[in-house]
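Structural features, examined
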Amino acid sequence: MRRFGMIKWVTGAALALFVAGSANAVIVQDAPSTPKGFNYEIRDGKRVPKANRVTAADGSWREEVRQGQCTTVKAKSASGDYSETRKCD
């Protein structure tokens, strides 16, 4: 009789862990996303400005992020050189 109780307890614990993991996966999938065309995204419940990234065919890219009166420009060349500049108006 004691063995049956232990099997029942282990099975119940495994089922509870499975259900908790499934519920957590559903919550992560339901995270709000901003529609196309919006200039911000939501991270940790806050609005964060999206970067305007332009990628060239050779693999280089340039990205501009505006935060208040300041603009940060990040650029990476095809050879892998990375640069970041910040300008405040």
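Small disclaimer: the values here were computed from a predicted structure and weren't measured.

**A word on the confidence of the model for the protein**
Confidence in the prediction for the protein averages 79 pLDDT; 78% of positions are at 70 or higher. Here helix H1 (residues 2-29) stands out as the element of the protein with the lowest mean pLDDT, 66, in contrast to strand S6 (residues 82-88), whose mean of 95 is the highest.

**A closer look at the sheet that holds strand S5 (residues 70-76)**
Ordered in space as S3-S4-S5-S6, the four strands form an open sheet in which the pairing is antiparallel. Lying at the two open borders of the sheet, with one neighbouring strand each, are strand S3 (52-55) and S6. For this sheet, the mean inter-axis angle between neighbouring strands, taken without regard to orientation, is 10°. Pairing analysis gives seven bridges linking S5 to S6, with the strands arranged antiparallel. Looking across to S6, one finds that Thr-72 is bridged to Arg-86.

**Quick look at a nonpolar patch on the surface**
A cluster of nonpolar residues, Met-6, Trp-9 and Val-10, forms a patch on the protein surface that exposes about 360 Å² of accessible area. Assignment of secondary structure puts Trp-9 in helix H1.

What counts and how
- Residues numbered from 1 in each chain as written.
- Predicted model: local features only at pLDDT ≥ 70, side-chain atom pairs only at ≥ 80, totals over all residues.
- Heavy atoms only, no water.
- pLDDT = per-residue confidence, 0-100.
- Helix = DSSP H or I, 4+ residues; strand = E, 2+ residues; numbered from the N terminus.
- Pairing = 2+ DSSP bridges.
- Axes fitted to C-alpha atoms, helices over the stretch in contact; angles between N-to-C directions.
- Patch = residues over 30% accessible without salt bridge, like charges linked within 9 Å, V, L, I, M, F, W, Y side chains within 5 Å.
- Areas by Shrake-Rupley, 256 points an atom, 1.4 Å probe, with all protein chains shown as cover.
- Salt bridge = Lys/Arg side-chain N within 4 Å of Asp/Glu carboxyl O.

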